[in-house]
Amino acid sequence: MTENNANSPASEPSSPSHSATARRAGPLLGLMDVPGDKSISHRALMLGALAVGTTHIEGLLEGDDIHATANALRAMGITVVQDAPGVWHVDGVGVGGLHAPDDVLDLGNSGTSARLLCGLLAGHGFTAIMTGDDSLRKRPMNRVLDPLTQMGVRVETREAGQMPISFTGADMLLPIIYTLPVPSAQVKSAVLLAGLHAPGQTTVIEPIATRDHTERMLTHMGAVIDITESSEGRRITITGQGELSPASVTVPSDPSSAAFPAVAATIVPDSVVTLEGIGMNPARVGIFKSLVDMGASIEKTNPREESGEPLADLKIRGSALTGAKIPASRAASMIDEYPVLAMAAACAIGTSRFEGVGELRVKESDRLATLEAGLRACGVKVETDADSMTIEGCGGPPPGGATIATSLDHRIAMSFLVLGLATEKPVKIDDIRPSKTSFPDFAESMRCLGADIREAS
Ligand code: S3P
């Protein structure tokens, strides 16, 4: 250790810690108010911006990712206003009505903002420069830029298709028929949003179905959209240059965020937690199926529908879990939930294997790598390869007692805090701030159930 002296920069004040630590305590009990769905919130703002008139939104997620979309839309001339907590309105300008932004659009950590906005901008003949934080600037953009370039967009990117990008849309786009090379709702949505601006019909074929919130909301707002099953997969055809009608949108609670208290309630003995109004879109509920396959107790009641999306209430009780093989066919329906499912697998009896999960390498972090490193530090045996992850469950509380590098990844941060509620020794994460991207009051909401999560002050 070096000693301070007059020439040493160590006399400068140290930067504040944003770490947080989770410890075992009593059972988790009560009702948690889970924030609004991130995917649906982005789409409500963006489609609202393209409608003719005012779209009213209730239950909007007020996380950093959604603020990134709202601010980008404001920078292009859209009025986006918070009327009360969770209650917002957007004054739409019609398809093709955005203005050129006069500064760089900084999309922070939000891949969904970046990729869907490319689709939105494709039909506008102006240039926008887009960038993001250290995590977003590493993520692949070519998967959206390839089809949009085929439609007539011009793009300059850094190295391997990474942001910052300079994006120039076209007033006259070419409609295309595009088969998704990777199962990605962001790519599908970007092409459909571009197709909304193109003359004639634009078709996306998805061999593996992904979340269909864009299609549902387009239908809700009166777009001409046709969906059929074919031998190649799901064919979604949008007829461009029509008008979108403003609509009232009620955003369900996010099943991806609900997954954190659901896993926590499952692995902390004697817990009973209720989560109300959770989105039950069939393309999102793989996590709950997988937990039930592993022995979790999840009771679903009061199924209903709001703004074209199914939702229900869930009651979760603490349960002993058994390892399971989660097939590749389920990956698209729970792609964001593998990190927290890995925590359940670490507590289970026996081995769990997640197959077909290579996409996790290009999320907010390389999630297979961050999970592998974090679980090993907590004393859990884990192996990964390009496309799969195998976890040997501890058959009860894993050792814990580690500090986890979260790599600006909200779901890694929240997953390891959930694990720390069950481990023998506490689990610390280096930075809780990224959780604000999708779950602004995560630690406080967990504490209300009785969780011992302390933030550095
Ligand atoms: C999202 C789609 C998924 C998901 C992301 C949100 C969306 O990404 O991981 O958090 O809102 O369309 P991919 O499209 O890359 O699979």
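What counts, and at which threshold
Throughout this description, residue numbers start from 1 for each chain and increase along the sequence as written. Since the coordinates come from a predicted model, pLDDT governs what is reported: local features require at least 70, and pairs of side-chain atoms require 80 or more to be given and counted, while whole-chain, interface and lining totals use all residues. Note: side-chain values were computed over all heavy atoms of the structure, leaving out hydrogens and water. To qualify as a helix, a DSSP run of H or I must reach at least 4 residues; to qualify as a strand, a run of E must reach at least 2; elements of each kind are numbered from the N terminus. The quantity called the radius of gyration is restricted to C-alpha atoms. Its globule counterpart is 2.2 Å times the number of residues to the power 0.38. Working definition: with a 1.4 Å probe on protein chains only, accessible area under 20% of the residue-type maximum means buried, over 50% means exposed, and in between means partly exposed. By definition in these notes, contact holds between two residues if any of their heavy atoms fall within 4.5 Å. Each accessible area is a Shrake-Rupley result for a 1.4 Å probe, and residues are judged covered by the shown protein chains and nothing else. Pairs of strands are assigned from DSSP output, requiring at least two bridges between the strands. Note on geometry: axes are lines fitted to C-alpha atoms, helical ones only across the stretch in contact, with angles between N-to-C directions running from 0 to 180 degrees. Per-residue confidence from the predictor is reported as pLDDT, which spans 0 to 100. Think of a polar contact as two N or O atoms within 3.5 Å of one another; within protein, one of them needs to be a possible hydrogen donor and the other a possible acceptor, and neighboring residues in sequence only count if both atoms come from side chains. Angle categories: roughly parallel below 35 degrees, roughly antiparallel above 145, roughly perpendicular from 65 to 115, and oblique for all the rest. Where each domain begins and ends follows an automated or database-derived domain assignment. By convention, the term buried area covers the 1.4 Å-probe accessible surface removed from two parts as they join, with the contributions of both added. Any carboxyl oxygen of Asp or Glu that lies within 4 Å of a side-chain nitrogen of Lys or Arg is treated as forming a salt bridge with it. Summary of the distance rule: residues count as near a molecule or strand when at least one heavy atom falls within 4 Å of that molecule or strand. Residues are grouped as follows: Ala, Val, Leu, Ile, Met, Phe, Trp, Tyr, Cys and Pro are nonpolar; Asp, Glu, Lys and Arg are charged; all remaining types, including Gly, are polar.

To continue, consider the overall build of the protein chain. In terms of helices and strands, the protein chain carries 12 helices and 24 strands. For the protein chain, the C-alpha radius of gyration of 22 Å lies close to 23 Å, the compact-globule estimate for 457 residues. Structurally, the protein chain occupies a C-alpha span of about 65 × 60 × 45 Å along its principal axes. Taken across its 457 residues, the protein chain has 57% of its residues classed as buried. A sequence separation of at least 24 residues applies to 75% of the contacts in the protein chain between residues at least 6 apart. Accessible surface, the protein chain as shown: approximately 17,300 Å² in total, 50% of it carbon and sulfur.

Attention now moves to the sheet that holds strand 24 (residues 452-455). Pairing is mixed across the open sheet formed by four strands, whose spatial order is 22-23-1-24. The open sheet terminates on both sides in strands that have one partner only, identified here as strand 22 (400-404) and strand 24. Neighbour to neighbour, the strand axes of the sheet diverge by 15 degrees on average, direction disregarded. Sheet topology places strand 1 (residues 20-23) next to strand 23 (residues 425-429); three bridges connect them, and they run antiparallel. Across the sheet, residue Thr21 finds its bridge partner in strand 23, namely Lys428.

Another aspect to go through is the confidence of the model for the protein chain. For the protein chain, mean pLDDT is 96; residues scoring 70 or higher make up 97% of the total. Below pLDDT 50 for its whole length, residues 1-11 participates in one contact with residues either more than four positions away or in separate chains.

Let's shift gears to the pairing of strand 20 (residues 381-384). Residues in a regular strand project their side chains so that they alternate between the two faces of the sheet. As judged from the four bridges shared by strand 20 and strand 21 (residues 388-392), these two strands associate in the antiparallel manner. In the strand pairing of strand 21, Thr384 is matched with Met389. Counting the residues that bridge the hairpin from strand 20 to strand 21 gives three residues.

Here we take up the environment of Glu355. Tracing the chain through its elements places Glu355 in strand 19 (residues 351-355). Note on Glu355: relative accessible area 21%, which makes it partly exposed. Each C-alpha atom of the pair Glu355 and Ser329 lies 8.5 Å from the other, and the pair is 26 residues apart in sequence. If we ignore the near neighbours within four places in the chain, the residues touching Glu355 are Lys325, Ile326, Pro327, Ala328, Tyr338, Asp387 and Ser388. At 2.9 Å, the side chain of Glu355 forms a polar contact with the side chain of Arg353.

Let's shift gears to the packing of helix 7 (residues 255-267) against helix 8 (residues 286-293). Put simply, helix 7 and helix 8 touch, their axes get as near as 10 Å, and they point 25 degrees apart. It follows from the interaxial angle that helix 7 and helix 8 lie roughly parallel. Contact with helix 7, carried on its side by Pro255, Ala258, Ala259, Ala262 and Val263, involves Ile287, Phe288 and Leu291 of helix 8 and no other residues of that element.

When the domains of the protein chain are assigned, the result is domain 1 (9-35 + 253-455) and domain 2 (38-250). Summarising the inter-unit geometry, the C-alpha centres of domain 1 and domain 2 are found 28 Å apart. The partner domain 2 presents 27 residues to the 25 residues of domain 1 that form the contact. Between domain 1 and domain 2, the buried area comes to about 2,200 Å², and carbon and sulfur atoms account for 48% of it. Taken together, the connections running from domain 1 to domain 2 amount to three salt bridges. In this structure, the salt-bridge partner of Asp336 is Arg211, at a minimum N-O distance of 3.5 Å. Inspection of the domain 1/domain 2 interface yields 14 residue pairs in polar contact (both at pLDDT 80 or more). Of all the elements in the fold, those that place two or more residues in the side of domain 1 that touches domain 2 are strand 17 (309-317) and helix 11 (410-420).

A few words on the site of the ligand. In the region of the ligand, 13 residues are neighbours, and Ser39, Arg43, Ser184, Asp336 and Lys363 sit closest. The contact in question runs from an oxygen atom of the ligand to an N or O atom on the side chain of Ser184, over 2.6 Å. Considering the ligand on its own, with 380 Å² of exposed area, one finds that the protein chains cover 95% of that surface. Taken together, the elements giving at least two residues each to the shell around the ligand come down to helix 1 (38-50), helix 3 (111-121) and helix 5 (185-197). Here the element with the most residues in the shell around the ligand is helix 1; it accounts for three residues. Among the residues making up the shell around the ligand, the classes are represented as three nonpolar, four polar and six charged. Counting contributing residues per domain, the shell around the ligand is built from domain 1 (9-35 + 253-455) and domain 2 (38-250), each supplying no fewer than three.

Further remarks concern the sheet that holds strand 21. A sheet is described by the order of its strands in space; here four strands give the open sequence 18-19-21-20, paired in mixed fashion. Bordering the open sheet on either side are strand 18 (325-326) and strand 20, each of which pairs with just one other strand. Those strands touched by helix 9 (residues 338-347) are strand 18, strand 19 and strand 21, and its axis lies near 160 degrees from that of strand 19. Contacting strand 20 and strand 21, helix 10 (residues 367-377) crosses the sheet at an angle of about 160 degrees to strand 20.

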